[in-house]
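One-letter residues, chain by chain:
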Amino acid sequence: MSDTARYSAYAILCEINNREFKKKLDHFPEELRFYVVLAAGIVGAENAKRMEETPQAVVKDGEEFVSKLLEIASLEDTALFREILETYLVEAMKDELRHSCSNCANFNDCLDVKNASVGLFFKRRVQGEETEELKSEIARQVAQALQRTPYVDSDKAHILCSEFRHHYSASGLGEVFRRYADIAAGLRQTFGINYKRIQQEMIVINSAFMEKGREVR
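Residues numbered from 1 in each chain as written. Predicted model: local features only at pLDDT ≥ 70, side-chain atom pairs only at ≥ 80, totals over all residues. Heavy atoms only, no water.

### Some details on the state of the cysteines
Within the structure shown, the criterion is met by zero disulfides. Free cysteine: Cys104, not disulfide-bonded; nearest cysteine sulfur from Cys110 at 6.3 Å. (Disulfide = S-S within 2.5 Å.)

Following this line, the structure appears as structure tokens:
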């Protein structure tokens, strides 16, 4: 994959992640939303630095964002924040294993990222250029591209699309859960999250994933 195509894929995934984050945020009252933003930043940064394909500029940006949030954070109710952090980590696992267009092995082909130019603009933004014109152009091109993947918000793309192939095979799940187990272990040391809860949730998520694999289109 060319550098431009890679950044085009990042731009589109960034928009999808933003959409998912806004949905999650709506489930919490206003007074808890800072905790949710902080949890999202922490989980996102931890995931980014464990995935080789993530550009170092993106990893650095995520770590700096979390660092700034922690500087201004007032974690008076640490038990509540731990619960939100645990929940966000679990939801991140579920999102990564959903049967949606964004998790399909054919996703980039359907988006035609090889010929997309949004990567040229997104790379400039990653490198520090932040103008309203640039952000608007990225948003326009991403929205246009996503019209070719109608099941981004679904968990039934394996039923709705005959071409769907999840990018994680049943045998590849171990890698996903190892990554999240590693993240959970680090967050247990830093924030005291309930590691046992994460392990239990992994079992449930794994069972749900395997069950979907047996569903017939």
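### Brief notes about the packing of helix α1 (residues 3-25) against helix α6 (residues 118-126)
Viewed as axis vectors pointing N to C, α1 and α6 meet at an angle of 75°, and their least axial separation amounts to 7 Å. Regarding the angle of α1 to α6, the classification is roughly perpendicular. For the pair α1 and α6, the contacting residues are Asp3, Thr4, Tyr7, Ser8, Tyr10, Ala11 and Cys14 in the first and Val118, Gly119, Leu120, Phe122, Lys123 and Val126 in the second. When its residues are assigned to classes, the contact of α1 with α6 shows eight nonpolar, three polar and two charged. (Axes fitted to C-alpha atoms, helices over the stretch in contact; angles between N-to-C directions. Helix = DSSP H or I, 4+ residues; strand = E, 2+ residues; numbered from the N terminus. Parallel < 35°, antiparallel > 145°, perpendicular 65-115°, else oblique. Contact = heavy atoms within 4.5 Å. Nonpolar A, V, L, I, M, F, W, Y, C, P; charged D, E, K, R; others polar.)

### What about the pattern of salt bridges?
In the structure shown here, the tally under the stated rule is 22 salt bridges. Taking the shortest distance from any N to any O, the salt bridge between Asp95 and Arg98 comes out at 3.9 Å. One salt bridge connects Glu129 with Arg124, and the closest N-O pair in it is separated by 2.8 Å. Look at Glu129 and you get partly exposed, because its relative accessible area is 30%. (Salt bridge = Lys/Arg side-chain N within 4 Å of Asp/Glu carboxyl O. Buried < 20%, exposed > 50% of the residue type's maximum accessible area, 1.4 Å probe, protein only.)

### Some thoughts on the packing of aromatic side chains
Under the definition given, this model contains three aromatic pairs. Here Tyr35 and Phe81 contribute two aromatic rings whose centre-to-centre distance is 5.5 Å and whose plane-to-plane angle is 70°, an arrangement assigned as edge-to-face. Taken together, the residues span a long stretch of sequence, with Tyr35 in helix α2 (residues 33-48) and Phe81 in helix α4 (residues 78-97) at a distance of 46 residues. Each member of the pair, Tyr35 as well as Phe81, is classed as buried. When the centroid spacing of 5.6 Å and the interplanar angle of 70° are considered together, the rings of Phe81 and Phe191 count as edge-to-face. With Phe81 in helix α4 and Phe191 in helix α9 (residues 173-191), the pair connects residues that are 110 residues apart, well separated along the chain. Summarising the burial analysis for this pair, Phe81 and Phe191 share the class buried. Ring-pair connections join several aromatic residues into one group, and the members of that group are Tyr35, Phe81 and Phe191. Residue placement shows Lys24 over the ring face of Tyr88; its charged tip is 5.5 Å from the ring centre. Sitting over the ring of Tyr195, Arg188 keeps its end group 4.5 Å from the ring centre. (Phe/Tyr/Trp six-rings, centres within 6.5 Å; stacked < 30°, edge-to-face > 60°. Lys NZ or Arg CZ within 6 Å of the ring centre and 35° of its normal.)

### Description of helix α7 (residues 132-146)
The end-to-end C-alpha distance of α7, which contains 15 residues, comes to 21 Å, matching closely the 21 Å that a straight helix rising 1.5 Å per residue would cover. The inward-facing, buried residues of α7 abut α1, α5 (107-111) and α6. (Expected span 1.5 Å × (residues − 1).)

### Re the nonpolar core
Counting residues in each nonpolar core, the largest one holds 38 residues, and the members touching the most others are Leu85 and Leu89. Looking at this core, the elements with two or more residues in it are α1, α2, α3 (56-72), α4, α9 and α10 (195-213). Excluding residues that lie within four positions of it along the chain, Leu85 makes contacts with Ala39, Ile42, Val43, Leu187, Phe191 and Ile193. (Core = buried A, V, L, I, M, F, W, Y, C linked by side-chain atoms within 4.5 Å.)

### Details of the environment of Asp3
Within the secondary structure, Asp3 is located in helix α1. Accessibility expressed as a relative area gives 35% for Asp3, which makes it partly exposed. For the pair Asp3 and Lys114, spaced 111 residues apart in the sequence, the C-alpha separation amounts to 9.5 Å.

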